[in-house]
Amino acid sequence: MESVVFIFSLIDCCALIFLSVYFIITLSDLECDYINARSCCSKLNKWVIPELIGHTIVTVLMLISLHWFIFLLNLPVATWNIYRFIMVPSGNMGVFDPTEIHNRGQLKSHMKEAMIKLGFHLLCFFMYLYSSEC
């Protein structure tokens, strides 16, 4: 049963790595003016909820299977994703809003967040890979 948990987590982590890379590429396209803010934000907002669900499932799965260290490692990122989704101001298009993405350095902060998540998911990938072998 334990190996099934880690194999599922490994597959989910691969999807989250793909999403992080997709976020980075889309945000860098916006930064270089290859796409406009509206299309960039609509592309990214489409993937916010699947990212939230994917990461929350792994976090809850680690809690249920009593892997406390991995659960505590995933908890801050899952909490941040939920907080970011809940705190979207009314009237905004979503987490990524085309009218605000160029204001107050939001583009840079979104890019930094995507890079941090990519590093985190890569770390988790190797942890899950090692844990499924044991």
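Residue positions are counted from 1 within each chain, in the order its sequence is given. Where totals are concerned, whole chains, interfaces and linings use all residues; where local detail is concerned, this predicted model gives features only for residues with pLDDT of at least 70, and gives and counts side-chain atom pairs only at 80 or more. Water and hydrogen atoms were dropped before computing side-chain values, which therefore reflect all heavy atoms in the structure.

## Digging into the overall build of the chain
Link 1 in the chain: In DSSP terms, a helix is any run of H or I states spanning at least four residues, a strand is any run of E spanning at least two, and both are numbered starting from the N terminus. A tally of helices and strands in the chain yields five helices and zero strands.
Link 2 in the chain: In sequence order, the secondary structure elements of the chain are arranged as α-α-α-α-α.
Link 3 in the chain: Across its three principal directions, the C-alpha atoms of the chain cover 45 × 30 × 20 Å.
Link 4 in the chain: Two residues qualify as a contact provided that any one of their heavy atoms is within 4.5 Å of a heavy atom in the partner residue. Long-range contacts, defined here as pairs at least 24 residues apart, represent 76% of the contacts in the chain between residues at least 6 apart.
Link 5 in the chain: Just so you have it, the chain exposes about 7700 Å², and 72% of that area is on carbon and sulfur atoms.
Link 6 in the chain: For the purpose of charge, His is not counted, nor are the chain termini; Lys and Arg are scored as positive and Asp and Glu as negative. The location of each charge is read from NZ of Lys, CZ of Arg, CG of Asp or CD of Glu. Each charge class in the chain can be summarised by its mean position, and for the 8 positive and 10 negative side chains these summaries are 8 Å apart. Method for areas: the Shrake-Rupley scheme with a 1.4 Å probe, in which residue coverage is limited to the protein chains shown.

## Here's the deal with the state of the cysteines
Link 1 in the chain: When two cysteine sulfur atoms are found within 2.5 Å, that pair is recorded as a disulfide. Evaluated as defined, the whole model comprises zero disulfides.
Link 2 in the chain: C124 provides the cysteine sulfur closest to C13, a residue in no disulfide bond, and the two sulfurs are 5.5 Å apart.
Link 3 in the chain: Look at C13 and you get buried, because its relative accessible area is 3%. Partly exposed describes any residue whose relative accessible area lies between the buried limit of under 20% and the exposed limit of over 50%, with all areas from a 1.4 Å probe on protein chains only and scaled to the type maximum.

## A short note on helix α2 (residues 37–45)
Link 1 in the chain: Where α2 is concerned, the buried positions are A37, C40, C41, L44 and N45. Buried residues along α2 cover an arc of 120° about the axis, so they all sit on one side. Comment: arc refers to directions from the helix axis out to C-beta atoms.

## Some thoughts on the pattern of salt bridges
Link 1 in the chain: Salt bridges, as used here, are contacts in which a Lys or Arg side-chain nitrogen is within 4 Å of a carboxyl oxygen on Asp or Glu. This model, assessed by the stated rule, comprises five salt bridges.
Link 2 in the chain: Close ionic contact of K108 with E31 constitutes a salt bridge, the shortest N to O distance being 2.6 Å. One end of the pair, K108, is in helix α5 (residues 106–133); the other, E31, is in helix α1 (residues 2–31), and 77 residues separate them in sequence.
Link 3 in the chain: Here E51 makes a salt bridge to K117, at a shortest N to O gap of 3.0 Å. Taken together, the residues E51 in helix α3 (residues 48–64) and K117 in helix α5 connect sequence positions 66 residues apart. Just as E51 is buried, K117 falls in that class too.

## Some details on the UniProt feature "transmembrane region" (unreviewed entry) in the chain
Link 1 in the chain: UniProt positions are given in the numbering used here, feature names are shortened, and annotations may be inferred rather than shown by experiment. The positions that UniProt labels "transmembrane region" (unreviewed entry) are, in the present scheme, residues 5–25 and 52–75.
Link 2 in the chain: The distance separating the terminal C-alpha atoms of residues 52–75 is 12 Å; by composition the span is 88% helix and 0% strand.

## Some thoughts on the packing of α1 against α2
Helix-helix packing is characterised by the crossing angle of the two axes and by the distance between the axes.
Link 1 in the chain: Interaxial angle, 0 to 180 degrees, is taken between N-to-C directions of lines fitted to C-alpha atoms, where a helix line uses only the stretch in contact. In contact at an axis separation of 10 Å, α1 and α2 are set at 170° when each is read in the N-to-C sense. By the angle between their axes, α1 is roughly antiparallel relative to α2. Where α1 abuts α2, its residues Y22, F23, T26, L27 and L30 lie against A37, C40, K43 and L44.
Link 2 in the chain: Gly is placed with the polar residues, together with every amino acid not listed as nonpolar (Ala, Val, Leu, Ile, Met, Phe, Trp, Tyr, Cys and Pro) or charged (Asp, Glu, Lys and Arg). The residue makeup of the contact of α1 with α2, split by class, is seven nonpolar, one polar and one charged. Between 65 and 115 degrees an angle is taken as roughly perpendicular, under 35 as roughly parallel, over 145 as roughly antiparallel, and anywhere else as oblique.

## Re helix α4 (residues 68–86)
Link 1 in the chain: Multiplying 1.5 Å by the residue count of a helix minus one yields the expected span of that helix. For α4, spanning 19 residues, the distance from its first C-alpha to its last is 26 Å, which sits close to the expected 27 Å at 1.5 Å a residue.
Link 2 in the chain: Fitting axes to the seven residues ending at a residue and to the seven starting there, one defines the bend at that residue as the angle between these axes. Where α4 bends most, the angle comes to about 30°, and this point is L75, followed within four residues by the proline P76.
Link 3 in the chain: Among all positions in α4, only I70, F71, N74, V77, A78, N81 and R84 are buried.

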